[in-house]
Amino acid sequence: MRTPMMERRPKLYSLAAPGRWILFVLAWVCVALGVVGIVTPVMPGTVFLILAAWLFARSSPRFENWLLTHPRLGPSVVAWRENGVVPRWAQLVATGSMAGSFGLLVVIGLSVPVLTIIGAIFVAVSAYLLTRPVT
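Owing to the predicted nature of the structure, the values given are computational and were not obtained by experimental measurement.

**Q** Before we move on, can you summarise the environment of isoleucine 50 with the specific residues and values?
**A** Tracing the backbone shows isoleucine 50 in helix 3 (residues 46–59). Look past the residues within four positions of isoleucine 50 in its chain and what remains in contact with it is Val77 and Trp80.

**Q** Which residues make up the confidence of the model for the protein chain, and what values do they have?
**A** On average, the protein chain scores 84 in pLDDT, and the residues at 70 or more come to 87%. Looking at the elements of the protein chain, mean pLDDT is at its lowest for helix 1 (residues 4–8), recorded as 38, and at its highest for helix 4 (residues 61–69), recorded as 95. Scored below 50 in pLDDT, residues 1–12 makes two contacts in the model with residues more than four places away or belonging to other chains.

**Q** Which residues make up the environment of leucine 105, and what values go with them?
**A** Within the secondary structure, leucine 105 sits in helix 6 (residues 88–107). Distance in space between the C-alpha atoms of leucine 105 and glycine 119 is 10.0 Å, their sequence separation being 14 residues. In contact with leucine 105, not counting residues within four places along its chain, are Leu110, Leu115 and Ile118.

**Q** Explain the nonpolar core to me, using residue names and the numbers behind them.
**A** Within the largest apolar cluster, 13 residues are counted, with the highest numbers of intra-cluster contacts made by Leu49, Ala52, Leu55, Phe56 and Leu67. Of all elements in the fold, only helix 2 (17–39) and helix 3 reach the threshold of two or more residues within this core. The residues touching alanine 52, leaving out its near neighbours within four places in the chain, are Ala27, Cys30, Val31 and Leu67.

**Q** I'd love a proper account of the packing of helix 3 against helix 5 (residues 74–83), names of residues and values included.
**A** Relative orientation and spacing of two packed helices are given, respectively, by the angle between their axes and the distance between those axes. Helix 5 packs onto helix 3 with a crossing angle of 70° between their chain directions and a minimal axis gap of 9 Å. Taken together, the axes of helix 3 and helix 5 lie roughly perpendicular to each other. Residue-level contacts link Thr46, Leu49, Ile50, Ala53, Trp54 and Ala57 of helix 3 to Ser76, Val77, Trp80 and Arg81 of helix 5. Of the residues contributing to the contact of helix 3 with helix 5, the split by class is seven nonpolar, two polar and one charged.

**Q** Break down the packing of helix 2 against helix 3 for me, with residues and values.
**A** Between helix 2 and helix 3, whose axes approach to 8 Å, the crossing angle comes to 160°. The pairing of helix 2 with helix 3 is recorded here as roughly antiparallel in orientation. Our pair here, helix 2 against helix 3, has a crossing hand that is left-handed. Two secondary-structure elements touch here, helix 2 through Arg20, Leu23, Phe24, Leu26, Ala27, Trp28, Cys30, Val31, Leu33, Gly34 and Ile38 and helix 3 through Phe48, Leu49, Leu51, Ala52, Leu55, Phe56, Arg58 and Ser59.

**Q** Break down helix 2 for me, citing the residues and quoting the values.
**A** Across its 23 residues, helix 2 extends 33 Å between first and last C-alpha, which sits within 8% of the 33 Å expected from 1.5 Å per residue. Here helix 2 has its buried residues at Leu23, Phe24, Ala27, Cys30, Val31, Gly34 and Gly37. Along its buried surface, helix 2 packs onto helix 3 and helix 4.

**Q** Describe the packing of aromatic side chains, and please don't skip the residues or the numbers.
**A** The final tally for this structure, using the stated rule, is nine aromatic pairs. Considering the side-chain rings of tryptophan 28 and phenylalanine 63, the 5.4 Å spacing of their centres and the 75° angle between planes classify their relative orientation as edge-to-face. In this pair, tryptophan 28 sits in helix 2 while phenylalanine 63 sits in helix 4, placing the two residues 35 residues apart along the sequence. The class for tryptophan 28 is partly exposed, based on a relative accessible area of 29%.

Reading the values: the criteria
As a convention, each chain's residues are numbered from 1 in the sequence order in which they are written. Reporting of local features is limited, given that this is a predicted model, to residues whose pLDDT is at least 70; pairs of side-chain atoms are given and counted only at 80 or more, and all residues count toward the totals for whole chains, interfaces and linings. The side-chain figures draw on all heavy atoms in the structure; neither hydrogens nor water molecules are used. Numbering of helices and strands runs from the N terminus; a helix is a DSSP stretch of H or I covering at least four residues, while a strand is a stretch of E covering at least two. Pairs of residues are marked as contacts when any of their non-hydrogen atoms sit within 4.5 Å. Scored between 0 and 100, pLDDT is the confidence that the predictor attaches to each residue. Note on terminology: a nonpolar core comprises buried Ala, Val, Leu, Ile, Met, Phe, Trp, Tyr and Cys residues joined through side-chain atoms within 4.5 Å. Note on classification: 1.4 Å probe, protein chains only; a residue is buried when its accessible area is under 20% of the maximum for its type, exposed when over 50%, partly exposed between these limits. To get an axis, a line is fitted to the C-alpha atoms, and for a helix only the part in contact is used. The angle between two axes follows their N-to-C directions and goes from 0 to 180 degrees. An angle counts as roughly parallel when it lies under 35 degrees, as roughly antiparallel when it exceeds 145, as roughly perpendicular when it falls between 65 and 115, and as oblique in every other case. Residues are grouped as follows: Ala, Val, Leu, Ile, Met, Phe, Trp, Tyr, Cys and Pro are nonpolar; Asp, Glu, Lys and Arg are charged; all remaining types, including Gly, are polar. With the far helix as reference, a near helix turned anticlockwise by less than a right angle produces a left-handed crossing, and one turned clockwise produces a right-handed crossing. Between the first and last residue of a helix there are one fewer steps than residues, each counted as 1.5 Å, and that sum is the expected span. When the centres of two rings from Phe, Tyr and Trp lie within 6.5 Å, Trp using its six-membered ring, the rings pair. Their planes under 30 degrees apart give stacked, over 60 give edge-to-face, and anything left gives tilted.

What follows is the structure, encoded as structure tokens:
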């Protein structure tokens, strides 16, 4: 039964509660991957933090604000949102990581059709990333 108070409450989300929880959990997974990416030189963290902000925007504005205002995690996400800017080091690390990953996939012996698909995706992502403005 809906009370008058419930009728006046603004609708904050367009997704049902289970969908918001799934996005919320995925956002925290992306934050964790982003932190790992900041600490390790092989994995780009900025991409995961941008994705986390997008997921938080759809599941929890409170945590979206937390991420955007975080002194270490927030600046790259804010720069991306405002101007589509990706730091040069992040572009190079991400592209290098994809190249290294592709080389590893070749060494472990993936089939040519699978390598072709993965290679095409890596080239497209790298091309997009390297054409973004830099700080």
